[in-house]
Amino acid sequence: MNGRRMRAAAVLGLASSLGLAGCALGPSGRPPAMPEPARYAAGPPPDAAPADGPQLVAAQAPEASWWTTFGAPELDALVAEARAANPDLAAARGRLEAAREVLRAQVGATELPSVDLGAQAARQRALGLPLELPPPLPELPRTSLYDTFVGQAQVRYTFDLFGSIRERNRALAERVEQRAAQWRAAREALAANVVSGALTLSVLQARLRILASVADGLRRDAAESARRQALGAAPRAAVLDARRQAEAVAAQIPGLRAQALTLRHALAVLLGRTPDRAPEAIPFERLRLPARIPVLVPSALLAARPDVRAARAALAAAAHDAGAARADLFPSLTLTAAMGRGGYDWPAALSPEGALWSLAGGLTAPLFHGGALRAQQRASLRAYAAAEDDYRSTVLAAFREVADALASLEQAGAAQAAGDAAAGAARGAAADAARRAALGAVPPSAARAAGRQAELAELDALDVRAQRLLEAARLFHAMGAAPSAAP
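Residues numbered from 1 in each chain as written. Predicted model: local features only at pLDDT ≥ 70, side-chain atom pairs only at ≥ 80, totals over all residues. Heavy atoms only, no water.

(A) How the structure looks around the packing of aromatic side chains. Taken as a whole and assessed by the stated rule, the structure comprises seven aromatic pairs. Ring geometry for Trp-66 and Phe-476: centres 5.5 Å apart, planes at 10 degrees, overall stacked. Within this pair, whereas Trp-66 is found in the loop between strand S1 (55–59) and helix H2 (73–85), its partner Phe-476 is found in helix H11 (residues 444–478), the two being separated by 410 residues in sequence. By relative accessible area, Phe-476 is classed as buried at 2%. (Phe/Tyr/Trp six-rings, centres within 6.5 Å; stacked < 30°, edge-to-face > 60°. Helix = DSSP H or I, 4+ residues; strand = E, 2+ residues; numbered from the N terminus. Buried < 20%, exposed > 50% of the residue type's maximum accessible area, 1.4 Å probe, protein only.)

(B) A look at the pattern of salt bridges. For the structure on display, the rule yields 24 salt bridges. Linking Arg-273 and Glu-81 is a salt bridge whose minimum nitrogen-to-oxygen distance equals 2.8 Å. With Arg-273 in the loop between helix H6 (252–270) and strand S4 (292–296) and Glu-81 in helix H2, this residue pair connects regions lying 192 residues apart in the sequence. In this structure, the salt-bridge partner of Asp-147 is Arg-123, at a minimum N-O distance of 2.9 Å. One end of the pair, Asp-147, is in strand S3 (residues 143–159); the other, Arg-123, is in strand S2 (residues 114–127), and 24 residues separate them in sequence. (Salt bridge = Lys/Arg side-chain N within 4 Å of Asp/Glu carboxyl O.)

(C) Up close: the side chain of Arg-305. Mapped onto the elements, Arg-305 comes out in the loop between helix H7 (298–304) and helix H8 (306–327). When its relative accessible area of 5% is taken as the criterion, Arg-305 is described as buried. In this structure the side chain of Arg-305 is engaged in a polar contact, spanning 2.8 Å, whose partner is the side chain of Asp-307. Arg-305 has contacts with Ala-398, Glu-401, Ala-478, Met-479 and Gly-480, leaving out every residue within four places of it along the chain. (Polar contact = N/O pair within 3.5 Å; in protein donor to acceptor, adjacent residues only side chain to side chain. Contact = heavy atoms within 4.5 Å.)

(D) Inspection of H11 at higher detail. With 35 residues, H11 extends 51 Å between its outermost C-alpha atoms, agreeing within 8% with the 51 Å of an ideal straight helix rising 1.5 Å per residue. Following H11 by one or two positions, Gly-480 adopts a phi angle in the positive range, close to 95 degrees. (Expected span 1.5 Å × (residues − 1).)

(E) The arrangement of a nonpolar patch on the surface in detail. On the surface, Phe-159, Leu-335, Met-339, Trp-357 and Leu-359 cluster together to form a nonpolar patch covering roughly 600 Å² of accessible area. Among the secondary structure elements, those contributing two or more residues to the nonpolar patch are strand S5 (332–343) and strand S6 (355–364). One can find Leu-335 in strand S5. (Patch = residues over 30% accessible without salt bridge, like charges linked within 9 Å, V, L, I, M, F, W, Y side chains within 5 Å. Areas by Shrake-Rupley, 256 points an atom, 1.4 Å probe, with all protein chains shown as cover.)

(F) Here's a closer look at the confidence of the model for the protein. Taken residue by residue, the protein gives an average pLDDT of 85. The fraction at 70 or more is 88%. Within the protein, the element-level pLDDT minimum falls on helix H1 (residues 2–22), averaging 43, and the maximum on H2, averaging 96. Confidence over residues 1–22 falls short of pLDDT 50; this stretch has eleven contacts with residues more than four positions distant or in other chains. (pLDDT = per-residue confidence, 0-100.)

(G) Region of the structure containing the environment of Thr-364. One can find Thr-364 in strand S6. The class of Thr-364 is exposed, set by a relative accessible area of 51%. Note: C-alpha distance between Thr-364 and Ser-332 (32 residues apart in sequence) is 5.3 Å. Excluding its chain neighbours within four sequence positions, the residues that come into contact with Thr-364 are Pro-331 and Ser-332.

(H) Quick peek at the packing of helix H3 (residues 87–111) against helix H4 (residues 164–230). Where H3 meets H4, the closest approach of the two axes is 10 Å, and the angle between their N-to-C directions is 170 degrees. Between H3 and H4, the crossing angle belongs to the class labelled roughly antiparallel. Along the lines of polarity and charge, the residues of the contact of H3 with H4 split into 15 nonpolar, three polar and eight charged. (Axes fitted to C-alpha atoms, helices over the stretch in contact; angles between N-to-C directions. Parallel < 35°, antiparallel > 145°, perpendicular 65-115°, else oblique. Nonpolar A, V, L, I, M, F, W, Y, C, P; charged D, E, K, R; others polar.)

(I) Quick peek at the packing of H2 against H4. Here H2 crosses H4 at 140 degrees, and the two axes come no closer than 10 Å. The hand of the H2/H4 crossing is right-handed. Facing H2, whose interface residues are Leu-75, Leu-78, Val-79, Ala-82 and Arg-83, H4 presents Arg-187, Glu-188, Leu-190, Ala-191, Val-194, Val-195 and Ala-198. Across the contact of H2 with H4, the residue classes break down as nine nonpolar, no polar and three charged. (Left-handed = near helix turned anticlockwise from the far one by under 90°.)

(J) Region of interest: the environment of Arg-220. Tracing the backbone shows Arg-220 in helix H4. Judged by relative accessible area, Arg-220 falls into the partly exposed class, the value being 49%. Sequence spacing of Arg-220 and Ala-242 is 22 residues, and the spatial spacing of their C-alpha atoms is 9.2 Å.

(K) Focus on the environment of Ala-327. By secondary structure assignment, the location of Ala-327 is in helix H8. Each C-alpha atom of the pair Ala-327 and Ser-164 lies 5.0 Å from the other, and the pair is 163 residues apart in sequence. When residues no more than four places from it in sequence are discounted, the contact partners of Ala-327 are Leu-25, Phe-162, Gly-163 and Ser-164.

In C-alpha cells:
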C-alpha cells in the first residue's frame, strides 16, 4: 500500500512539474505597443507633387533592387559586385553561419540524450594485501600483476522539467535571428552606400566639366583684355581682374579632383577592389529620377526594417533569458545509464559474468546560493526592460528617418524647380547675347559673359538635381529590406 502511494505521489509530482514547465516563467517577449503616425513628416501635406517628381505611393512592401529605378546599368553592376565581393559583408555572413552552427550544437547537446562509447585495456602491477596467515599456509605475494579489459556505452539525459534548457536555447535562437537581421541591415546599407557614392561621383565629374569650361572662358577673356591693353583700349586693372577671376575658378578644380579620387577609392574598397582598380564615374546624364517610390504604411515599415527586426529579436531573447533565470530556481533531474562488459582477460570479459551495467538518477534542487539566483533573475528582468526601451527607440528612429527623407525629397523638388527655372532664364539670356553679338550690337566678351552666367546657373541646377537623386535613394533605403533579402 505504501509503495502505491509513493508511486502515485511521484506521478503527481511529475505531472505538476510538467504542468509548470508549460507555463511561461518569463515575460511574454511581445514588442510593446507603439503609436503609429497618421503621416510621417510634421507640418501640412504638400499642395501637389512636382510634375516631374517621383510619385509617392502607399505600399505594403519596399521596392526590391530599388537602385535599378535610376536607369543606369552601370549602377546595377556596382551594387551586384559589392554584394558579392565586399569583405565586411562576407565576414558578417560567416559570423552568422557560425552562430547558426553554435545553435545547432547547443540544441543537440542539451535537448537530446548523449551517448558515448568507451573501451579500455590496461596491464598493471599493484600492491597486494599485507596479510600474515598462520602456518602452514604460505604468505600471499606482496604485489600482483594483472590485466583489465572494459568496454561500455554510457547514456546521459537531463529532463527539462521547468524549461531552463528550452528557454536558453530559444534565447540563443533569437540572438541568431538578431544577427541575421543585422546582416540584412549591413547588406542594405552597403547597397545604399554604393548608390550614394556613385551618384556623388557622377555629380563631381559633371561639376569638373562645367568649371573647366568656365575657367577656359575666363582665360580667353583675360587674353582678350591683355590684347586690348596692348592697344591702349583697356586699363591694366581690367586685365588683372580677368586673370583673378579665371584663376579663382581654376583653383576649385584640384580640390574637386581630389574629392573625386577619394570617392573612387572608397567605392573600390566597397567593391572589394584595390584603389588602383577604382570604378569610373557614371555619366550624370544617364541617371534619371525614379518614376515612383513606395512609402510603406507604419505597420509594414516595422516589418520591413532590419534594425526593427533585430530589436524585436533582442527583446524576445531577453524574455527567454528571464524565463531561464526563473527556471533555475527549481530542481533539475538527470538520468545516467551505462552498459558494457569487463574482466581480467578477454574470455572473462566476453563471458556472462563479464556483463556490467549501471543506472542512476540525480535530483538537484537549489537551496542556498548566497542570493545569486535571485539577483540573476532580477538582472534578467532589468535587461528585458532595457530591451523594451531599445525597441521603442529603434522604432521612433525608423519613423524619423522616413520623415526626414520625405521632407528632404519634397524640398529638393522645390529647389530643383527653382534651379531649373533660373538655368533656363540664364540660357535664354546667353542666347540673346550671342545673337546680339553676331549682329554687332554688343562685343563678343558680353556674349561670353552671358554664357558663363548660364554655365554657373547650370552648375547650381546640377547640385539640386543631384540632391534630389540622393534624397530619393535615401528614402528607398529608409523603407527597409525586401522580403527576398533573406540570408
